[in-house]
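# Structure at a glance
Chain by chain, the residues run as shown.
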Amino acid sequence: MKPHVADWSTKVRCARIVAQDGTAVRITEHPVDLVMSNGQVYRCDTGYEFTGYDDDASMAPGSFDLTGILDHGITRDQLGSGVFDNARIYAFATSWKAPVEDEEPTAFAFLGKTTLSDSTYKTEVMSAGDVLSQDVGRIYSPQCQWTLFDQHLGSGLIASTRSRCIGPRANPDGPDIDSYKVAGTITSVTSQYQFQDTGRTETDDYFTSGEVRFLTGDNAGLAPIKIKQSTSGGQFYLHGGTYYMPQVGDTYEMIPGCRKRVVDCQAYGNIANFGGQPHVPSTSEYTQVGRGS
């Protein structure tokens, strides 16, 4: 049973899309903007369309579709760079006469695959109830399965059962992301996959498998990018490339990486939290048949 139901005669649907970095977009199907009782404004001019919603009394999760026009709330840059990957959607109904945020919750879901077409996009929305149909459990692997610092740049603690590396909850006494985070300025650019900061003095591969996020320039505010390799001269090679071409003078923040090996955990003094099983025999080993002399 729902704790509360909005007035059916003045009911209107609204949704709040919240990215992992806290960026939020508030939308409504009402023909004018709605100001909620808490002061939050839900916009009507964003170009979003609630194209469908279904719900029933069974155990099957409800679902809804969402189509939007780019650069109205969510931009092409944000979608293309992954800022809204796995963003949470809170859908609810309320009365346009006396709007209250989350008055009648109707769905809680995650943004999935997004298809761009000219200036519009269509996104697949996965209900939180769909998580119940996903396979769960740990997979044995010689490499560690955790995420270094339990965080990404520009976001908080990873909300996952696999957040077991280090951080404010997992290991208060372990290394903290803020102690390893550095900032710098680009001094030369080769391509969208390579740039240099001659001011960096760290050793080869110190930032390999780490992350970089731009603070100024065209890429500012977009999702962090994985670092493929770093050198002692401040050369950085990226996995996916920047969304826009970086420019000399762009500033960034960066964290070192972890290649999921035992030696990486030892380097951080965090071997107690190593999430791999390097000594478990492989299938080819434990299925061998013994031979007589």
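Since the structure is predicted, the reported quantities are computational estimates derived from the model, not experimental observations.

Parameters and conventions
- Residues numbered from 1 in each chain as written.
- Predicted model: local features only at pLDDT ≥ 70, side-chain atom pairs only at ≥ 80, totals over all residues.
- Heavy atoms only, no water.
- Disulfide = S-S within 2.5 Å.
- pLDDT = per-residue confidence, 0-100.
- Helix = DSSP H or I, 4+ residues; strand = E, 2+ residues; numbered from the N terminus.
- Phe/Tyr/Trp six-rings, centres within 6.5 Å; stacked < 30°, edge-to-face > 60°.
- Buried < 20%, exposed > 50% of the residue type's maximum accessible area, 1.4 Å probe, protein only.
- Contact = heavy atoms within 4.5 Å.
- Polar contact = N/O pair within 3.5 Å; in protein donor to acceptor, adjacent residues only side chain to side chain.
- 1 Å grid on protein atoms, 1.4 Å probe; cavity = no way out; pocket = protein on both sides within 12 Å on 5 of 7 lines; lining within 4 Å.
- Points joined across faces, edges and corners; volume = space filled by probe spheres on them.
- Nonpolar A, V, L, I, M, F, W, Y, C, P; charged D, E, K, R; others polar.
- Pairing = 2+ DSSP bridges.

### Some details on the state of the cysteines
Across all of its chains, the model carries zero disulfides by this definition. Summary of cysteine pairing: Cys 265 is not part of a disulfide, and the nearest cysteine sulfur, belonging to Cys 144, is at 5.2 Å.

### Focus on the confidence of the model for the chain
Taken as a whole, the chain shows an average pLDDT of 81; of its residues, 80% reach a score of 70 or greater. The weakest mean pLDDT in the chain belongs to strand 5 (residues 49–54) at 59; the strongest belongs to strand 12 (residues 194–196) at 97.

### Brief notes about the packing of aromatic side chains
This model, assessed by the stated rule, comprises twelve aromatic pairs. Ring geometry for Phe 207 against Phe 236: centres 5.8 Å apart, planes inclined by 65 degrees, an arrangement best described as edge-to-face. In this pair, Phe 207 is assigned in the loop between strand 12 and strand 13 (211–214) and Phe 236 in strand 15 (residues 235–238), connecting sequence segments 29 residues apart. Comparing Phe 207 with Phe 236, the two get one shared label, buried. Here the aromatic residues Phe 195, Tyr 206, Phe 207, Phe 214, Phe 236 and Tyr 252 are joined through ring pairs into a cluster of three or more.

### Things to note about unusual backbone geometry
Backbone geometry places Asp 102, a non-glycine residue, at a positive phi of 60 degrees. In this fold, Asp 102 is placed in the loop between strand 7 (88–95) and strand 8 (104–117).

### Considering the environment of Ser 95
Here Ser 95 lies in strand 7. Classification of Ser 95 by relative accessible area gives buried; the value is 8%. Separated by 90 residues in the primary sequence, Ser 95 and Val 5 have C-alpha atoms spaced 9.7 Å apart. When neighbours within four sequence positions are excluded, Ser 95 is seen to be in contact with Ala 6, Asp 7, Thr 10, Val 12 and Glu 103. Only 3.2 Å separates the side chain of Ser 95 from the backbone nitrogen of Lys 97, close enough to count as a polar contact.

### Things to note about empty space enclosed by the protein
Where empty space is left in the structure can be found by rolling a water-sized probe over the atoms. Summed over the entire model, instances satisfying the criterion amount to three cavities of 30 Å³ or more. Taken as a whole, the second largest cavity holds about 60 Å³ of empty space. Lining the second largest cavity are Cys 144, Trp 146, Thr 147, Leu 148, Cys 165, Cys 258, Cys 265, Tyr 268 and Asn 270. The residue inventory of the lining of the second largest cavity, partitioned by class, reads seven nonpolar, two polar and no charged.

### Notes on the pairing of strand 2 (residues 24–28)
Note: strand 1 (residues 11–18) against strand 2, five bridges, orientation antiparallel. Within strand 2, the residue paired with Cys 14 across the bridge is Thr 28. Joining the antiparallel neighbours strand 1 and strand 2 is a turn of five residues, in which Gly 22 adopts a positive phi near 95 degrees.

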